[in-house]
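# Summary of structural features
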Amino acid sequence: MLQVDVRLKSRWAGHQAGQFAFVRFDASEGAHPFTITSPWTGDGRLVFLIKGLGDYTNALPALLKPGSLLRVEGPYGTFDFASRQSRQVWVGGGIGITPFIARLQQLALHPDGKAIDLFYTTTEPRNGAVARLTAAAQAVGVLWALCATSSAMARSISWPSPVNTGTGDVAIASAICSSSKVASSLRKAAVSRCREKV
């Protein structure tokens, strides 16, 4: 996964966690949509996490250099974390974790007091990414489970130890999360309704 840190030269109206922008890194290539994975702090900085899924995104690490110019258009999208419910359950798969990373960072700056359970499923778990997600979740008291798709992949991960969040709850990390395990966890969390935002 490629992390691209951007410092905007022109004005940016700000953004909310989960929104995306169209980014053009190369004049010969059109703009591509990427989720903004940093909270807005008013300093003109944006961060994008980009997974190489095709020719263009796989070529970006070789194309981009510090100081490269790019064009950013946005923000777009209405991925909305606002809710009257006291508990939220987040489920992110693969690169789909990026809106939740942005929200974790925003919660570190502006806590909202909600109880949050985060399930992340991936075919390519990487220790560095797992460690960063663990730290971000623990910093704001989010309970989370990493779900690898095979036991071989799960064995390759340095799993975080369960940590007391200070509320009496314990963070979870399990090697395999089947849909029945996720459903059981949702029932235990007494979630009466889930909203899916696309």
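Residues numbered from 1 in each chain as written. Predicted model: local features only at pLDDT ≥ 70, side-chain atom pairs only at ≥ 80, totals over all residues. Heavy atoms only, no water.

## Some remarks on the overall build of the protein chain
Within the protein chain, the regular secondary structure consists of five helices and eight strands. In sequence order, the secondary structure elements of the protein chain are arranged as β-β-β-β-α-β-β-α-β-α-β-α-α. Taken over 198 residues, the protein chain has a buried fraction of 34%. Of the contacts made within the protein chain by residues no fewer than 6 positions apart, 70% connect residues no fewer than 24 positions apart. (Helix = DSSP H or I, 4+ residues; strand = E, 2+ residues; numbered from the N terminus. Buried < 20%, exposed > 50% of the residue type's maximum accessible area, 1.4 Å probe, protein only. Contact = heavy atoms within 4.5 Å.)

## Remarks on the environment of L64
With respect to the helices, strands and loops of the structure, L64 is situated in the loop between α1 (55-63) and β5 (71-76). Looking at L64, the relative accessible area reads 19%, which means it is buried. In the structure, L64 is positioned 38 residues away from D26 in sequence and 9.2 Å away in space, judged by C-alpha atoms. Sequence-distant contacts of L64, that is, excluding residues within four places in its chain, are made with L2, V4 and F25.

## Details of the side chain of T57
For T57, the location among the structural elements is in helix α1. In terms of polar contacts, T57 uses its side chain to reach the backbone amide nitrogen of G54, at 3.2 Å. If near-sequence neighbours (up to four positions away) are discounted, T57 is found in contact with F34, I50, K51 and G52. (Polar contact = N/O pair within 3.5 Å; in protein donor to acceptor, adjacent residues only side chain to side chain.)

## As for α1
Every α-helix winds through 3.6 residues per turn, so residues three or four apart in the chain are directed the same way. Taken residue by residue, α1 has Y56, T57 and L60 as its buried positions. The buried residues of α1 occupy an angular sector of 90° when projected down its axis, which confines them to one face. The exposed set on the far side of α1, more than 90 degrees from its buried face, consists of D55 and A62. Buried positions along α1 lie against β1 (2-7), β3 (32-35) and β4 (45-50). (Arc of directions from axis to C-beta.)

Everything listed here is a matter of geometry and, on its own, says nothing about what the molecule does.
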